[in-house]
Amino acid sequence: MKNNAITSKGKVDISKHLIYHHSPLKDALKSLNALSGDIMTLFVIDNDSKIVGTLTDGDVRRGLIADYALDTPIEKIMYRNFRFLRSDADNFRYLRELKRSQINLIPIIDSENRIIDAIDLQTTINLLPMDAVLMAGGRGERLRPLTLETPKPLLKIGNKAIIDYNVDELIRNGVDNIFVTVNYLHEQIETHFSQPRCGTEIKCILEPKRLGTIGSVALIDDLKHDHVLVMNSDLLTTLSYEDMFAWHIEHEADLTMAVIPYTVSIPFAIIDHDLDSVKGLIEKPTHNYLANAGIYIIRRQMLDRIKSGEYLDAPDFIEQLIADGRKVSHFRINGTWIDIGSPEDFKYASELMTRPDFR
């Protein structure tokens, strides 16, 4: 059946999954057969277009085993205790639970129980309630001559622009309000995102001048969530945005920064001394640190501290929050993180992209 009034931000053609409650079992079989290669789930609606159940091939098999005829209305065999999301609710935590239940297609319904969207958990792994800002205004001087005519975020790693790895992963996490702040060779990035990516509009914000690693966030006036992810656009990572967001919320942080383990090994014996007296030797010590990864989730009201048009780097902003007693948390990246700042980094990232297990 067709219902042209229903569209989906979740990239699901909902109309293919709808069937009326009074339709015979035979029609359900035809509809399920037409979904071959897709998720074989039907949303059962009543005459007022309100969802009343779901139907899968498993439900049909059980109905046939119970000797229901092909002309039986499907409301006799549909599943009534189905899972769903509310359009006006924060579904983040509930979705984390649903993913453990092996359900792939979940309807999103309004206050009158009408389907307005659906999420395919095979392609969209969550609906993170946050905006995202990717900083893409840098000149990439250490990567010259590669960046003389191409902005660093558009350099290709494995036949794909660096920034697209980050944008695609954000979209996969259900982030649909994405901004890219641009400056150097901005026309190329603006052209790159002139069309929606995977159905999501990417909005470019032009810096009138260089504003540092976080100052350009103040130029954005249409944020819509209480939390904002701000990150460098020229890095590659397997960071779980979902887990980082969960950490940020659980710890009630004003800002959560992603960090990476960084080890410094000294290839010499180091003396332990008191003035001119040597107390002992420490043979080739190793020091372990946590380094800033350039990815932050920030409580939106904290961004009011950033003055429009003024240069501000992220470390200075974080120091201001700490000095004012705001809670700054850190989230450790246990997977891959590469800041593509040098030709060696670029070469390593290109080699890494040949591995099938990177994502």
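Structure's up top.
Residues numbered from 1 in each chain as written. Predicted model: local features only at pLDDT ≥ 70, side-chain atom pairs only at ≥ 80, totals over all residues. Heavy atoms only, no water.

Caption draft 1: Structural context of the overall build of the protein chain. Secondary structure assignment for the protein chain yields eight helices and 17 strands. Here the protein chain holds 359 residues, and the buried ones make up 46% of them. Long-range contacts, defined as pairs at least 24 residues apart, comprise 68% of the intrachain contacts of the protein chain with a sequence gap of at least 6. Working note: accessible area of the protein chain is about 18800 Å², and carbon and sulfur atoms make up 47% of it. Between the averaged position of the 42 positive side-chain charges in the protein chain and that of its 52 negative side-chain charges there is a distance of 3 Å. (Helix = DSSP H or I, 4+ residues; strand = E, 2+ residues; numbered from the N terminus. Buried < 20%, exposed > 50% of the residue type's maximum accessible area, 1.4 Å probe, protein only. Contact = heavy atoms within 4.5 Å. Areas by Shrake-Rupley, 256 points an atom, 1.4 Å probe, with all protein chains shown as cover. Lys, Arg positive; Asp, Glu negative; His and termini not counted. Charge placed at Lys NZ, Arg CZ, Asp CG, Glu CD.)

Caption draft 2: Summary view of the environment of Asp 222. In this fold, Asp 222 is placed in the loop between strand 9 (202-206) and strand 10 (227-232). Asp 222 has contacts with Asn 177, Phe 179 and Lys 203, leaving out every residue within four places of it along the chain.

Caption draft 3: Structural detail: the sheet that holds strand 2 (residues 41-45). Taken in spatial order, the three strands make up an open sheet running 1-2-3, and their pairing is mixed. What marks the edges here is a single partner per strand, and that holds for strand 1 (18-20) and strand 3 (51-56). Neighbour-to-neighbour, the strand axes of the sheet open up by a mean angle of 35°, direction not taken into account. Across three bridges, strand 1 lies against strand 2 in parallel orientation. Residue Ile 19 lies in a different strand from strand 2, and its bridge partner there is Val 44. (Pairing = 2+ DSSP bridges. Axes fitted to C-alpha atoms, helices over the stretch in contact; angles between N-to-C directions.)

Caption draft 4: Summary view of the packing of aromatic side chains. Taken as a whole and assessed by the stated rule, the structure comprises two aromatic pairs. Arranged with centres 6.0 Å apart and planes meeting at 65°, the rings of Trp 247 and Phe 331 form a pair that is edge-to-face. Pair noted here: Trp 247 is in helix 6 (residues 241-250) and Phe 331 is in strand 16 (residues 328-332), with a separation of 84 residues, a long-range link. The ring of Tyr 165 carries Lys 160 above its face, with NZ or CZ at 4.7 Å from the centroid. (Phe/Tyr/Trp six-rings, centres within 6.5 Å; stacked < 30°, edge-to-face > 60°. Lys NZ or Arg CZ within 6 Å of the ring centre and 35° of its normal.)

Caption draft 5: Geometry of the sheet that holds strand 6 (residues 115-120). Taken in spatial order, the three strands of this open sheet run 4-5-6, and their pairing is mixed. On the outer flanks of this sheet lie strand 4 (85-86) and strand 6, each paired with one strand and no other.

Caption draft 6: Molecular detail of the pairing of strand 6. The buried fraction of strand 6 is high, at five of six residues. As paired strands, strand 5 (residues 105-109) and strand 6 are joined by five bridges and run antiparallel to one another. Within strand 6, the position partnered with Ile 109 by the bridge is Ile 115. What sits between strand 5 and strand 6 in their antiparallel hairpin is a turn of five residues, with Asn 113 showing a positive phi close to 65°.

Caption draft 7: Main features of the nonpolar core. Counting residues in hydrophobic clusters, the biggest one holds 34 residues, and the most contacted among them are Leu 134, Ile 163, Val 180, Leu 229, Tyr 241 and Ile 295. Elements supplying a minimum of two residues to this core: strand 7 (131-136), helix 4 (162-172), strand 8 (178-182), strand 10, helix 6, strand 12 (255-265) and strand 15 (286-299). Ignoring sequence-local partners within four residues, the contact set of Leu 134 consists of Ile 163, Asn 166, Val 167, Leu 170, Ile 178, Phe 179, Val 180, Thr 181, Met 231 and Ser 233. The next biggest cluster of nonpolar side chains, apart from the first, holds 23 residues, and it includes Tyr 296, Ile 298, Ala 314 and Phe 317. (Core = buried A, V, L, I, M, F, W, Y, C linked by side-chain atoms within 4.5 Å.)

Caption draft 8: Broad picture of helix 6. Those residues of helix 6 that sit buried are Tyr 241, Glu 242, Met 244, Phe 245, Ala 246 and His 248. Looking one or two residues beyond helix 6, the residue adopting positive phi is Glu 252, at roughly 50°.

Caption draft 9: Molecular detail of the pattern of salt bridges. If you walk through the whole model with that rule in mind, you get 13 salt bridges. A salt bridge links Asp 254 to Arg 299; the nearest nitrogen and oxygen atoms lie 3.2 Å apart. A residue pair is termed long-range when its members are at least 10 positions apart, and Asp 254 in the loop between helix 6 and strand 12 and Arg 299 in strand 15 qualify at 45 residues. Of the residues examined, Asp 254 reaches a relative accessible area of 7% and is grouped as buried. Bridged by salt links that share partners, the residues Lys 160, Asp 164, Asp 168 and Arg 197 form one connected network. (Salt bridge = Lys/Arg side-chain N within 4 Å of Asp/Glu carboxyl O.)

Caption draft 10: Structural detail: unusual backbone geometry. Unlike most non-glycine residues, Ser 49 shows phi in positive territory, near 65°. With respect to the secondary-structure elements, Ser 49 resides in the loop between strand 2 and strand 3. Of note in this structure, Asp 67 is not a glycine but carries a positive phi near 70°. As for its position among the elements, Asp 67 is in the loop between helix 2 (57-65) and strand 4.

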